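Descriptive analysis of the structure
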Amino acid sequence: MNIKQTYDDEAGIYEQTSRAVNIYFDESLDKLVSLLKLKKGMRVLDVCCGTGILTQKIFEKYPDVQIIGVDFSEGMMAVANERLAGYNFASFNSDICYEKRMKLLNGDFDVVVSSFGIHNIHGFKNKEKGIKNVVSLLKNGGKYYTCDLLKGDTKEIEEQWQNFQYQWLLKTYEVAQAEAWMRMLKEEDDKETYDKNKQLLELAGLENIEKVWQKEFLAIWTGTKIKKED
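So, here is what we can say about the structure in this document. If you're wondering where the values come from, they're calculated on a predicted model, not measured in any experiment.

1. Section: the packing of helix H3 (residues 25–35) against helix H4 (residues 53–61)
Across the interface, H3 lies against H4 with an axial gap of 10 Å and an inter-helix angle of 45 degrees. The orientation of H3 relative to H4 falls into the category oblique. Helix-helix and strand crossings are classified by hand; for H3 and H4 the assignment is right-handed. Every residue of H4 that contacts H3 at Phe25, Asp26, Leu29, Asp30, Leu32, Val33 and Ser34 is listed here: Ile53, Leu54, Lys57, Ile58 and Lys61. Its residues placed into classes, the contact of H3 with H4 shows 7 nonpolar, 1 polar and 4 charged.

Below, the structure is given as structure tokens:
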């Protein structure tokens with residue numbers, strides 16, 4: 001499956017399907033925004049920003065910040081640009097794993113946020129590369145916040161979570177559609193356990209990493225970029 005093409009093709013209905021497929025979608029994004037402590041003029045990097053749903057929620061609370069949204073899907077970025085017209089928003093089309101292109105952003109961000117994106121990067125090493133590219137753009141003392149899906153620590157927990165996901169889908173879809181979604185998610189998603197996600201942030205140079213919120217397999221975790229002494 002070409003994940004980028006899928007997102008390009010479905011950009012127009014992404015918001016609708018996100019709320020149907022992703023558990024606690026708005027609740028989790030609202031919780032992430034509640035954790036932010038932004039000040040006027042701060043620069044925020046929204047990684048895997050998609051159609052700008054989280055971005056808009058941040059602007060509604062903090063209209064005087066600047067946000068740059070990064071996504072690899074031109075279709076998603078087009079929707080985000082339309083949604084966020086009038087805000088201090090700029091879009092940047094890139095796969096976060098592309099180091100040379102990501103460096104064009106020139107760093108110096110106060111905060112990085114990410115929602116429902118990193119689990120779409122396949123392979124631990126690719127995730128490591130992408131997150132390192134993002135963290136390199138943070139100021140010393142800058143904060144990283146991510147809201148994403150987790151893999152169960154055991155086979156039993158993962159099976160419980162998969163069943164929960166299926167029951168969630170049945171709230172919106174008929175059985176055949178829910179089963180089709182489960183097959184698609186199995187192909188698209190490459191989730192990691194929380195410990196693996198923590199390791200990714202540690203490898204990227206973040207400290208004070210903690211999980212601050214979780215419901216079933218959806219969680220928010222944070223880290224801080226701390227300057228090392230010479």
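2. A short note on the pairing of strand E3 (residues 89–93)
Inspection of the sheet shows strand E2 (residues 66–71) paired to E3 by 5 bridges, in the parallel sense. Following the sheet pairing, Asp71 is matched in E3 by Asn93. Following the chain from E2 across helix H5 (residues 74–83) to the adjacent parallel E3, one finds a crossover that is right-handed.

3. Section: the packing of helix H8 (residues 155–169) against helix H9 (residues 175–188)
At a closest axis distance of 9 Å, the pairing of H8 and H9 adopts a crossing angle of 140 degrees. As the angle between them shows, H8 and H9 are arranged oblique. The chirality of how H8 crosses H9 is right-handed. In this structure, H8 uses Gln162, Gln165, Tyr166 and Leu169 to contact H9, whose residues at the interface are Val175, Ala178, Glu179, Trp181, Met182 and Leu185. Taken together, the residues of the contact of H8 with H9 break down into 7 nonpolar, 2 polar and 1 charged.

4. Description of the pattern of salt bridges
Per the stated rule, a full pass over the model turns up 11 salt bridges. For Lys57, the salt bridge goes to Asp26, with nearest N and O atoms at 3.1 Å. Here Lys57, found in helix H4, pairs with Asp26, found in helix H3; they are 31 residues apart in sequence, far enough to count as distant. The exposure class assigned to Lys57 is buried, which follows from its relative accessible area of 17%. With a relative accessible area of 23%, Asp26 lands in the partly exposed category.

5. Describing the sheet that holds strand E4 (residues 109–115)
In space, the 7 strands of this open sheet follow the order E3-E2-E1-E4-E5-E7-E6, with mixed pairing throughout. Sheet topology places E3 and strand E6 (206–215) at the edges, where each strand pairs with a single neighbour. Here the average twist between neighbouring strands, direction ignored, is 15 degrees. In terms of strand pairing, strand E1 (residues 43–47) meets E2 through 5 bridges, oriented parallel.

6. A short note on unusual backbone geometry
One non-glycine residue, Asp108, lies in positive phi territory at about 70 degrees. Relative accessible area serves as the criterion here: at 47%, Asp108 is assigned to the partly exposed category.

7. Brief notes about the environment of Gln16
Mapped onto the elements, Gln16 comes out in helix H2 (residues 14–21). For the pair Gln16 and Gly75, spaced 59 residues apart in sequence, the C-alpha separation works out to 15 Å.

8. A closer look at the pairing of E2
A regular strand places its side chains on the two faces of the sheet in alternate fashion. Of all 6 residues in E2, 5 are buried, a share of seventy percent or more. Crossover handedness for the path E1 to H4 to E2: right-handed.

9. A few points about the state of the cysteines
Applying the stated criterion to the full structure yields 0 disulfides. With no disulfide partner, Cys97 has as its closest neighbouring cysteine sulfur the one in Cys48, 8.7 Å distant. Judged by relative accessible area, which is 14%, Cys97 ranks as buried. Take Cys147: it sits in no disulfide, and the sulfur closest to it among the cysteines is that of Cys48, at 12 Å. For Cys147, a relative accessible area of 0% corresponds to the buried category.

Reading guide: rules and limits
- Residues numbered from 1 in each chain as written.
- Predicted model: local features only at pLDDT ≥ 70, side-chain atom pairs only at ≥ 80, totals over all residues.
- Heavy atoms only, no water.
- Axes fitted to C-alpha atoms, helices over the stretch in contact; angles between N-to-C directions.
- Helix = DSSP H or I, 4+ residues; strand = E, 2+ residues; numbered from the N terminus.
- Parallel < 35°, antiparallel > 145°, perpendicular 65-115°, else oblique.
- Left-handed = near helix turned anticlockwise from the far one by under 90°.
- Contact = heavy atoms within 4.5 Å.
- Nonpolar A, V, L, I, M, F, W, Y, C, P; charged D, E, K, R; others polar.
- Pairing = 2+ DSSP bridges.
- Right-handed = clockwise from strand over helix to strand, strands pointing away.
- Salt bridge = Lys/Arg side-chain N within 4 Å of Asp/Glu carboxyl O.
- Buried < 20%, exposed > 50% of the residue type's maximum accessible area, 1.4 Å probe, protein only.
- Disulfide = S-S within 2.5 Å.

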